[in-house]
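Given next are the chains, with one letter for each unit.
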Amino acid sequence: MTGILKKVAIVLLAVALAAAAALLWYRAASQPQVDGRMTVAGLRGPVEIVRDAEGIPHIYAGSTEDAWHALGFVHAQDRLWQLEMNRRIAAGRMAEILGPNAVDADRFLRTLGVRRNAERILGKLAPETRAALDAYTRGVNAYLSSRKGPLPPEFLLTGAPAPEPWQPADSVSWQTMMAWDLGANWTQELLRMRLAQRLSLDQINEFLPPYPGDAVLRTRDYTRLYRELTGTTAQLGRVAAAAPPSLVDGMGSNNWVVGGGRSATGKPLLANDPHLGLSAPALWYFAHVSAPGLNVIGATLPGIPTVVLGRNDRIAWGFTNTAPDVQDLYIEQLNPDNPRQYRTPDGWADFVARTETIRVKGQPDVTLEVRESRHGPVITGALPIMEKAALDVRKHVVAFAWTALRDDDLTLQAGIKFNRARNWQEFLEGARDFGAPQQSIVYADVDGNVGFVAPGKVPLRKAENDLKGLAPAPGWDARYDWAGFIPFDQLPRSYNPSSEKVMTANHKIVGPDYPHFLTSEWTLPYRAQRIDALLDAQPKHSLDSFAAIQKDDLSLAAAEILPLLRTTAPTSERARRALQLLAGWDGTMAADRAQPLIFNAWMRMASRRIFQDELGDALLKDYWEQRNVHQPMINVLRNKDGQGKWCVDTGAAGATRPQTCAEVLSHSLEEALSDLERRYGSDMQDWRWGDAHFARSEHRPFARVDLLARFFDIRVPTPGDTFTVNVGRHNLRDDKEPFANRHAPSLRAIYDLADPESSRFIHSTGQSGNLLSPLYRNYAERWAAVRYLPMKTQRAAVEQGALGVLTLQP
């Protein structure tokens, strides 16, 4: 028996050693070649790629086309799975590798027709832009045809085939998907449609209040119309649940710039930190691209041949999302005698129809008929109608109008022009091509100029439009049709303002005299107010003072609501201790303190108690977000215009739940403390915000597979909240990890126009998309601590400690 056990042990040991050896081989073999020479197709001349000590490629080419070719090559080397997912998401082809769980998302994206529209956009691009796209495409495909090692782990784990050749339309498609991620105001239209099933118009306007200082935007009372469309509303809600989630909610980012008179260097300083959903690997990939007439460094998007955010030798620029209202839903009435027609102001018209075939891993193909009205694709047709749906769903459909679904969206072309711009006028010429998503862009140059422009296609709405783009409109009524777009020269803009300061943080960027409607759903101005105060707090700024602003974690939102909370009467000893801790707290969301955790847990429970009975479980589940509940909570607790009535329980008569706002706060504090004790133990002194508020960079698609997420997701403790400059937004709806930071500065950059080589940047994960690479997560802790990498372009500095020099030759 002993001999048998020994033999079994030897076999098990041999198997373990063989597995370890195979893993070590795979780890090494799956890494990209970063040193030596490679012969690749599609180049005009040799290109050198220096990987610096942080894994950032510095591309030195003899022509711009060869430079973009090399960018495509390194994107494929380091982020091949990300490229593949980006392409498949945009084309609605995820079910081919992920199976039936991805079918509904594919149906939605095929209905939108992002990939089809990209093909149309290609025909409108200038020759220089098309040349860059073609060169980039050759670079990706040169890697695909020349690679020798195994594919990244995701291909093995999903059984996905080797990638097909890249195409220029794949790049344009991903640009459109970035516009999708940065614009989701159609979901707010759906929210109003769903709220109308339960609430009056006045109640809806209280739950979705106007921007602070603005009056309620007056509209027709749309509630009666939507109550006659219960089936259509339900179908639209199902479709929204199937749509790919926005990475950003359209509501995040900071940028600011000061002129030389407010800078210690005598030249402008510019800062930018776009807020996006955190992903692993990061959305961004740093690169430096150098060729005759081009020397640009910054953040690129794998799949797109341009530096999206960054600097060249003469200028720097940074984006925030303007979040304009560029998506409208139209209710189309079907012809009762011919359901292939819909009603227009001029009578019945035929839908434009096409058939899409979706391949599904392990299952038969799915056939989808897509219809388009004069407004856009019929998105309620993306999913089959439920058998028990209300009858109206067979009488109406909902079409989706979006500025990005036009063949004149030349945003990618604008990016190419930004990279080569040498001054403000050349930068503006690039901005004229910018279509979607509209961005608030700050600018600075080495000559000392600073500027701001918000380019993009924003619909003009007619004066007689009594829905203002806030809610789904009857498609047969011409007054709700768009009347063109705001002319470029009438978009918000400033150049060398007397204040020598420009700042945007998704807040309202126009004054009451601005003649056009951009949106009524601006982000609350807490971040903007805090940045403005910090900029004015000292006469001269430096790179370090800008870094301190990016690191700031004082929540003005918490500071505003704390006085209302401190009046709460404790109903237990633990509540008394919690209130004592909050008594001396100023709202700083530090990772090493208990107060932010107590505060945010309390706000979570209080908002649920206040709004759940009016909204119902389904609506609260879908729209329980801080951007939806924070301002109405303040109005309720202050009893603004009698809104304290929201605290009254609207459930069954004689219910014992809280009836007053004071009782709501007392009971919700107890609920919050019970929840925190269950999660983190009974000793408040041991609670830490950073333990609960870890930044979770989620992998696509493995974030939903717990076993794989442990390896592929990246987690690091972080400070901040939704309203701090150093943002860290958590998801109130997530019962498992309700305080996890899922939406934060995806990158940070600070540009010094006196010495561009001293500029700094960082993003949230690492350069590699390969889990087994040492460059997969090596930025994460530095990013969380708001530390930076040098933004170098001079070759001598780049080569110090370089990982290797790879020469690509034709």
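Look up: the structure comes first, before these words.
Structural notes, computed from the coordinates. (Residues numbered from 1 in each chain as written. Predicted model: local features only at pLDDT ≥ 70, side-chain atom pairs only at ≥ 80, totals over all residues. Heavy atoms only, no water.)

Further remarks concern the sheet that holds strand β30 (residues 760-763). Spatial strand order, β24-β4-β5-β29-β30-β31: 6 strands in an open sheet with antiparallel pairing. One side of each edge strand has no neighbouring strand; the edge strands of this open sheet are β24 (501-504) and β31 (789-790). With 4 bridges joining them, strand β4 (residues 254-258) and β24 adopt antiparallel strand pairing. Bridge pairing in β24 places Asn-255 opposite Thr-504. Helix α16 (residues 526-536) rests against β4 and β24 of the sheet, and its axis sits at about 155 degrees to β24. Packing of helix α17 (residues 543-551) onto the sheet brings it into contact with β4, β5 (269-273), β29 (747-752) and β30, and relative to β29 it is tilted by some 160 degrees. (Pairing = 2+ DSSP bridges. Helix = DSSP H or I, 4+ residues; strand = E, 2+ residues; numbered from the N terminus. Contact = heavy atoms within 4.5 Å. Axes fitted to C-alpha atoms, helices over the stretch in contact; angles between N-to-C directions.)

Another aspect to go through is the pattern of salt bridges. According to the stated counting rule, one finds 63 salt bridges in the structure shown. The shortest N-O distance in the salt bridge between Glu-671 and Arg-609 comes to 2.8 Å. Residue Glu-671 is found in helix α23 (residues 661-680), and its partner Arg-609 is found in helix α20 (residues 595-615); the two are separated by 62 residues along the sequence. Assessed through its relative accessible area of 28%, Glu-671 is described here as partly exposed. Judged by relative accessible area, Arg-609 falls into the partly exposed class, the value being 23%. Notably, a salt bridge pairs Arg-733 with Glu-625, separated by 3.2 Å at the nearest N-O pair. With Arg-733 in the loop between β27 (729-730) and β28 (741-745) and Glu-625 in the loop between α21 (617-623) and α22 (626-637), this residue pair connects regions lying 108 residues apart in the sequence. We classify Arg-733 as partly exposed; its relative accessible area is 31%. The class for Glu-625 is buried, based on a relative accessible area of 15%. (Salt bridge = Lys/Arg side-chain N within 4 Å of Asp/Glu carboxyl O. Buried < 20%, exposed > 50% of the residue type's maximum accessible area, 1.4 Å probe, protein only.)

Geometric values such as these leave the question of function open.
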